[in-house]
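Spelled out from the first residue to the last, the chains are:
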Amino acid sequence: MQAVLRPGQRRATLSQNNSLILGMGLALFLFQLLANVADGYGIFRDEFYYLACSQRLAWGYVDHPPLSVFLLALQSSLLGDSLVALRVLPALFLAGTVLLSGAMVQQLGGGWRAILLAGVAVMGAPIMLAMGSFYSMNSLDIFLWAAVAYQLIRLIQAPSPGKWLLLGVLLGLGLLNKVGFLWLGAGLAVGILLSPLRQQLRTPYPYLAAALSMLIFLPFVLWNAAHDFPHLEFMHNAVTYKYAGITRADFLGGLLLQLNPLAVLIWLPGLYYLLVHPLGRQYRLLGVVFLVVFLILLLNGRSKSEYLAPAFPMLLAAGAVWLEARLRKGRGRMLYWALVGGIALSSLLLAPLARPLLPVPTYIAYTSTLGVSQANAEGKALKELPQFYADRFGWQELAQEVAGVYKALSAEEQALTSVFTQNYGEAGALEYYADTYSLPPAISGHN
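Residues numbered from 1 in each chain as written. Predicted model: local features only at pLDDT ≥ 70, side-chain atom pairs only at ≥ 80, totals over all residues. Heavy atoms only, no water.

A. Quick peek at the packing of helix H5 (residues 88–107) against helix H16 (residues 312–326). Between H5 and H16, whose axes approach to 9 Å, the crossing angle comes to 40 degrees. Between H5 and H16, the angle falls in the class oblique. The chirality of how H5 crosses H16 is right-handed. Contact residues: H5 offers Thr97, Ser101, Met104 and Val105, while H16 offers Pro313, Met314, Ala317 and Val321. Of the residues in the contact of H5 with H16, the class split is six nonpolar, two polar and no charged. (Axes fitted to C-alpha atoms, helices over the stretch in contact; angles between N-to-C directions. Helix = DSSP H or I, 4+ residues; strand = E, 2+ residues; numbered from the N terminus. Parallel < 35°, antiparallel > 145°, perpendicular 65-115°, else oblique. Left-handed = near helix turned anticlockwise from the far one by under 90°. Contact = heavy atoms within 4.5 Å. Nonpolar A, V, L, I, M, F, W, Y, C, P; charged D, E, K, R; others polar.)

Rendered as structure tokens:
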């Protein structure tokens, strides 16, 4: 049984816990930024594409909604488009995810041990480290999932109109960032029906929240309607061709690796706590959301494991609360510290596989020692480096080579010349270095 604290003791404990949460969030933010400065790898292929999109603001793009591009345009206007500047927002979003994970632990009644355990698991998860190493919609997706989960906990504890409307805003922003947020919406609908929160369906506020989220998402829908729904075609082609080699076994195996195999000792108890345990069943809604989204992605048969990764911080928070209550004394305390240490150590060992940290020769030697083979969900041939790393090299050299050919043309030919490329990475890189090397416009039919 937890000791009853006086008001002054509660305030001191809350302050200490908040300091721990803030410290872990700041540590992850600084690590991500410093690693980007020191790793010696370049801008990732997709980042050139996002930068090109940010120069052409619209309410939609072939392969994604516009929110991440809008934020990148704002960031670029303030900080520029250098490699380090590109990585500021991903570092902030993932640091924010750590903060929200700690806040979820507190809302669920956990103390500093649970905060530390959940924080170490979230900070060190390979998928979190990977998504912080380049700019994309994915780091924001992880953050918004955590924000929705935190808001759901608050809503379950004390429903109010304001909390419903804020939930609607968060869901709308999530959809405006990544269409996969629809799966979260499906899980939420089922979860509300299967939890005491269904009593709120007698009020107008859940419907107002849903309407608000759809209103925020509406510009992307209208953009698609005006352009013959290219996003639907993109998703169909991705499932049919690009990710045709992915199996359900790949999906399940990827979840274990991307979250850290040892983390299953936290998130699986977290799912149990939310669905079965008497103290956690109040928050059953979160467990149902996870199961519904998991089943949707599993039944699809072509889902990448990273699609479900944003759902795990809430399970890690719940699992940490459940474990803290059971590992307080004697051997339990020893097991707690063994789990914290095991998660931290295994995260360090896996980190070079998740984000660029080692020089290329050292990385190749490291993976060779571990016996790790390079896998690629897109079915492309690979050598020593995974595509995720290899696509950070060679872009400036490409621009230099094209510039040499272009400058060898006559002035009359240069005036009529554009560069035709095969994909958005090549086109984006040539546009990025256009001023540096005086390149003509680049053209690509990709996306």
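After that view of the structure, there is still more to cover.
B. Local environment of empty space enclosed by the protein. By the definition in use, this model includes one cavity of 30 Å³ or more. The space that makes up the largest cavity amounts to roughly 50 Å³. Considering the residues around the largest cavity, the lining is formed by Ile127, Met131, Asn138, Asp141, Ile142, Lys178, Glu306, Ala309 and Pro310. Mapped by element, the contributors of at least two residues to the lining of the largest cavity are helix H7 (126–131) and helix H8 (138–157). Take the lining of the largest cavity: its biggest share by element is three residues, from H8. A per-class count over the lining of the largest cavity returns five nonpolar, one polar and three charged. (1 Å grid on protein atoms, 1.4 Å probe; cavity = no way out; pocket = protein on both sides within 12 Å on 5 of 7 lines; lining within 4 Å. Points joined across faces, edges and corners; volume = space filled by probe spheres on them.)

C. Structural view of a nonpolar patch on the surface. On the surface, a cluster of nonpolar side chains totalling about 340 Å² of accessible area is made up of Leu215, Leu218, Val221 and Leu222. Structurally, the position occupied by Leu222 is in helix H11 (residues 205–226). Leu222 gets classed as exposed once you look at its relative accessible area, which sits at 51%. (Patch = residues over 30% accessible without salt bridge, like charges linked within 9 Å, V, L, I, M, F, W, Y side chains within 5 Å. Areas by Shrake-Rupley, 256 points an atom, 1.4 Å probe, with all protein chains shown as cover. Salt bridge = Lys/Arg side-chain N within 4 Å of Asp/Glu carboxyl O. Buried < 20%, exposed > 50% of the residue type's maximum accessible area, 1.4 Å probe, protein only.)

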